[in-house]
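Residue-level listing of the chains:
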Amino acid sequence: MLKLHYNLEKISMGLVIGIIAAASVGGLVEIAPLFTIAETVKLPADLRPQTPLELAGRKIYMREGCYACHSQMVRSLADEIDRYGPYSRAGESAYDHPMLWGSKRTGPDLARVGGKYSDQWHVAHLINPRSVVPASIMPSYPWLTQSLETELLPDSLATLARLGVPYDKAMIAAAAADAPAQSRPDSEAAGDFAKRYGERPAVRAFDGDPSRLTELDALVAYLQSLGTLTSVQNTPPVEAAK
Amino acid sequence: MIATLTVGERRTGAVLSVVLAVMGLAMAGAARHQVMAVHGFMAFGLGIGLVILLGGAVFDPDTTDGRQNRYYDAPTRFGIVMTLVWAVIAMGVGVWVAALLYWPEATPLWPATSFGRLRPVHTTGIIFGFGGNALIATSFYVLQRTSRARLADSVSPWAVLIGYNLFCFWAVTGYLMGSTQSKEYAEPEWYADLWLVVIWVTYFILYLRTLARRNEPHIYVANWYYLAFILVVAILHIVNNLALPVRWSVAESFPIWSGVQDAMVQWWYGHNAVAFFLTSGFLGMLYYFLPVRSGRPIWSYRLSIISFWGITFFYIWVGSHHLHYTALPYWVQTLGMTFSVILLVPSWASAGNAIATLNGAWSKVRDDATLRFMFVAAVFYGLSTFEGSFLAIRPVNSLSHYTDWTVGHVHSGTLGWVAMIVFGAIYTLVPQLSGRREMASPRAIEWHFWLAVTGTLVYVIAMWNAGITQGLMWRTYGQNGALSYSFLQSVQAMAPYYLLRTIGGALFLAGAILCAWNCYLTVRTAHGEAIDRPLIPEPAE
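A short tour of the structure in this document, coming up. (Residues numbered from 1 in each chain as written. Chains lettered and ligands numbered in written order. Predicted model: local features only at pLDDT ≥ 70, side-chain atom pairs only at ≥ 80, totals over all residues. Heavy atoms only, no water.)

Digging into the overall build of chain B
At step 1: Scanning chain B from terminus to terminus reveals 18 helices and two strands.
At step 2: Relative to its length of 541 residues, chain B is compact, with a C-alpha radius of gyration of 24 Å against a globular reference of 24 Å.
At step 3: Each of the three principal axes of chain B carries a C-alpha extent, and together these read 90 × 65 × 45 Å.
At step 4: Contacts in chain B between residues at least 24 apart in sequence constitute 82% of all its contacts with a sequence separation of at least 6.
At step 5: A total accessible area of about 19,300 Å² is found for chain B, and carbon and sulfur atoms account for 70% of it.
At step 6: Charged side chains in chain B number 30 positive and 24 negative. The centres of these two groups are separated by 3 Å. (Helix = DSSP H or I, 4+ residues; strand = E, 2+ residues; numbered from the N terminus. Rg over C-alpha atoms; globule rule 2.2 N^0.38 Å. Contact = heavy atoms within 4.5 Å. Areas by Shrake-Rupley, 256 points an atom, 1.4 Å probe, with all protein chains shown as cover. Lys, Arg positive; Asp, Glu negative; His and termini not counted. Charge placed at Lys NZ, Arg CZ, Asp CG, Glu CD.)

Laid out in structure tokens, this is it:
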């Protein structure tokens, strides 16, 4: 063996090939089966894709680095289930490009935050967290009152559709109009929005002001959607968690 | 820099700079998004600046003859300057964001200075800016010495270093403007990722071409590690960053992976960035500078073979230990945990080999702060790889995951191991490259050493306490069967540790600033050329 290596060290391409071979095995064994074994991700029948407004909110969540302090992954541990709610299932994030499971909880997990607080609470909390939670160490985000950019939404939906998220042609074409529509409950556009996305997504003025579409509308809509895109987490698991 | 290039090379460099400027202008012109336009103008400005610099020197006298008999160290000098620049920027931002967790009201109310945008500036600045520049700069130096050959050409090392730093500056300025893929440690957007691939391929080709010119039959072990670093980082970077841009004219994209698969790919990348960026590359550094500084050969050749292939093979499996108890299939979690424990064997083989190399040189470790940096690096490498294997065990991970214990673990690796070995290498290299016997201020090295050790210990111990406290508070049940603490109570309990952590980080930063100042003094009063061994020994008269 030592003799073999003694000779290998004289050939740079030999080392290159050896390194690539040694470093490929683990990745191939662990990652490739995740795409081929069907049980890895069971797509829930009731999983809905995010609306354009929620998707815009998700982009803001990423832009502000929220994922650095908040996870969206309830582990299958008793205390986490008691604190946050049902543990996260693989199917819940099947349409998430990228996933936002997170790796650190400087703040609490958000996988089940949808519907837990009112819109007003979220608005106040985002603008100044210490106005509602005096001991909070979260930064303030006063600039979220600025208008929401909707120009890229049709292309965003089209890109996601190409990656397998079920947005149809009508949804893609109307994406820029559907974002404000979701925050104007009494408008005509809201009716069109409901035709495309059904009755499940909430339609309301998330920041309290239906006349203006702000980044707060988008981010609050996104936060309120977390954990509500499917109800698969509430069904008993087929196999008990080991 | 320019005086070391021939007139022909200056022309090649000027042409490449024009290409960069045109590319930048095209990017800025096509961009329909503020971020991409700013980045286009950055590339344009850099290209124009280089054209002026090189074009102005086209008619200057040619470089002197006989340079084939000398090593090419100008790129290494530039790389070390950039290492120190990034150290001060990124450690500075690190201390600032640490302080924000203690004084959240101190955040100025501008989007660009918010915690969430600054945090990746810290991580990218340290890993890629500080660590990456140190790796590239030392790899050029070590490659030439261990091959007894000059770098294969004089233009591509500059292309690699300048292009790489453009990537780093694109990345951090992008975050400030809100542009991020949100994949941890792989935040830059698609065009920056593509640019890095071009740079990386150039780096790899330069490395192989120089190896091909070597005057030593064997490739030294440090180069195996540098090669593994270059090759595997390329694979990880490409696979993890596969994405579809929303439009070719905007800095926005969607990764092709989603959900569970994305999580696995992300942590396969994330943990192997630790393995092949923060471990392999720096082990290459250790395997060269530790024997050189201590004047002792590596203790065991066999052990270095075993640990090299062990690290290369086993590390790639362990990423899934970041996903215990999640929706990732159980069998993948178990594989990740098992291989994490096995990984302790090659890791400790490396650390042990390094420490055993110092046998017979312990008096030097006592007297020479530079060698002491390397010794402490090897010790922390051993400690944090033990801690890593320990944290990967499922029940331990149930307590430690999501807490500050992980942050403490990462910093025992990055402060205690990575930064210490870099400082050891810098204090060896800088006087050598300045034609001096030692740094301008040996006392400043001593101060730096103790600041760095104290800072690391304060930081890591604070985070251990923080993490274990958090983990226990989250899972404590009262007698009535309900959880005892609200999440907010666990946040409040962190305050003293967050303050201590800030102090530890500040001590470490102070040491790094002292290092930059000491390097500046050393270079300013340089006695001349590097003390270089000629490549082709002249016959004795």
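Considering the environment of Ala159 of chain B
Residue and element names in this part refer to chain B.
At step 1: Along the chain, the position of Ala159 falls in helix α5 (residues 156–176).
At step 2: Taking the relative accessible area as the measure of exposure, Ala159 reaches 29% and is therefore partly exposed.
At step 3: Spatially, the C-alpha atom of Ala159 lies 36 Å from that of Gly388, the residues being 229 residues apart in sequence. (Buried < 20%, exposed > 50% of the residue type's maximum accessible area, 1.4 Å probe, protein only.)

What to know about a nonpolar patch on the surface
All names here are of chain B.
At step 1: On the surface, a nonpolar cluster with roughly 440 Å² of combined accessible area is contributed by Val341, Trp348, Phe386, Phe390 and Ile393.
At step 2: Following the sequence through the fold, Trp348 ends up in helix α11 (residues 344–357).
At step 3: Of the residues examined, Trp348 reaches a relative accessible area of 45% and is grouped as partly exposed. (Patch = residues over 30% accessible without salt bridge, like charges linked within 9 Å, V, L, I, M, F, W, Y side chains within 5 Å. Salt bridge = Lys/Arg side-chain N within 4 Å of Asp/Glu carboxyl O.)

Quick word on helix α10 (residues 215–225) of chain A
Residues and elements named next belong to chain A.
At step 1: Among the 11 residues in α10, 11 count as buried, and that is most of the element.
At step 2: Those residues of α10 not exposed but buried are Glu215, Leu216, Asp217, Ala218, Leu219, Val220, Ala221, Tyr222, Leu223, Gln224 and Ser225.
At step 3: The inward-facing, buried residues of α10 contact α3 (52–63) and α5 (119–127).
At step 4: The first or second residue beyond α10 is Gly227, which carries a positive phi of 85°.

Concerning the packing of aromatic side chains
Residue and element names in this part refer to chain B.
At step 1: Considering all chains together, one arrives at 45 aromatic pairs over all chains under this definition.
At step 2: Here Tyr288 and Phe289 contribute two aromatic rings whose centre-to-centre distance is 5.0 Å and whose plane-to-plane angle is 85°, an arrangement assigned as edge-to-face.
At step 3: A residue is classified by how much of its surface remains accessible, and Tyr288, at 10% relative accessible area, is buried.
At step 4: Relative accessible area serves as the criterion here: at 1%, Phe289 is assigned to the buried category.
At step 5: Among the aromatic residues, those joined into a ring-pair cluster are Phe128, Phe140, Tyr164, Phe167, Trp200, Tyr203, Tyr207, Phe229 and Phe277.
At step 6: Above the plane of the ring of Tyr141 lies Arg145, whose end atom (NZ or CZ) is 3.9 Å from the centre.
At step 7: Positioned above the aromatic ring of Tyr330 is the side chain of Arg394, whose terminal nitrogen or guanidinium carbon lies 4.0 Å from the ring centre. (Phe/Tyr/Trp six-rings, centres within 6.5 Å; stacked < 30°, edge-to-face > 60°. Lys NZ or Arg CZ within 6 Å of the ring centre and 35° of its normal.)

Brief notes about the interface of chain B and chain A
At step 1: Contact residues are listed per partner, giving 97 residues for chain B and 85 residues for chain A.
At step 2: Taking both sides of the interface into account, the surface hidden between chain B and chain A amounts to around 8,100 Å²; carbon and sulfur atoms contribute 68%.
At step 3: By the criterion of area lost to chain A, the three top residues of chain B are Phe254, Tyr402 and Phe487 of chain B, representing 10% of everything that side buries.
At step 4: Inspection of the chain B/chain A interface yields six salt bridges.
At step 5: Notably, a salt bridge pairs Arg247 of chain B with Asp155 of chain A, separated by 2.3 Å at the nearest N-O pair.
At step 6: For the pair chain B and chain A, the number of links is 28 residue pairs in polar contact (both at pLDDT 80 or more).
At step 7: If one sorts the elements of the side of chain B that touches chain A by residue count, helix α8 (residues 259–294) of chain B sits on top with 10 residues.
At step 8: Residues belonging to the side of chain B that touches chain A are distributed by class as follows: 58 nonpolar, 25 polar and 14 charged. (Buried area = accessible area lost by both parts, 1.4 Å probe. Polar contact = N/O pair within 3.5 Å; in protein donor to acceptor, adjacent residues only side chain to side chain. Nonpolar A, V, L, I, M, F, W, Y, C, P; charged D, E, K, R; others polar.)

Re the pattern of salt bridges
At step 1: One pass over the structure, following the stated rule, counts 25 salt bridges over all chains.
At step 2: Lys104 of chain A serves as the salt-bridge partner of Asp404 of chain B, at 3.2 Å between the closest nitrogen and oxygen. Taken together, the positions of Asp404 of chain B in helix α15 (residues 404–433) and Lys104 of chain A in the loop between α4 (78–84) and α5 put the pair across two chains.
At step 3: Here Asp404 of chain B falls in the buried class, since its relative accessible area comes to 1%.

Some words on the side chain of Ser12 of chain A
At step 1: Mapped onto the elements, Ser12 of chain A comes out in helix α2 (residues 12–36).
At step 2: According to the relative accessible area criterion, Ser12 of chain A is buried, its value standing at 14%.
At step 3: With sequence-adjacent residues up to four places away left out, Ser12 of chain A is seen in contact with Leu208, Leu211 and Ile219 of chain B.

Function-wise, these values are silent; they only describe arrangement.
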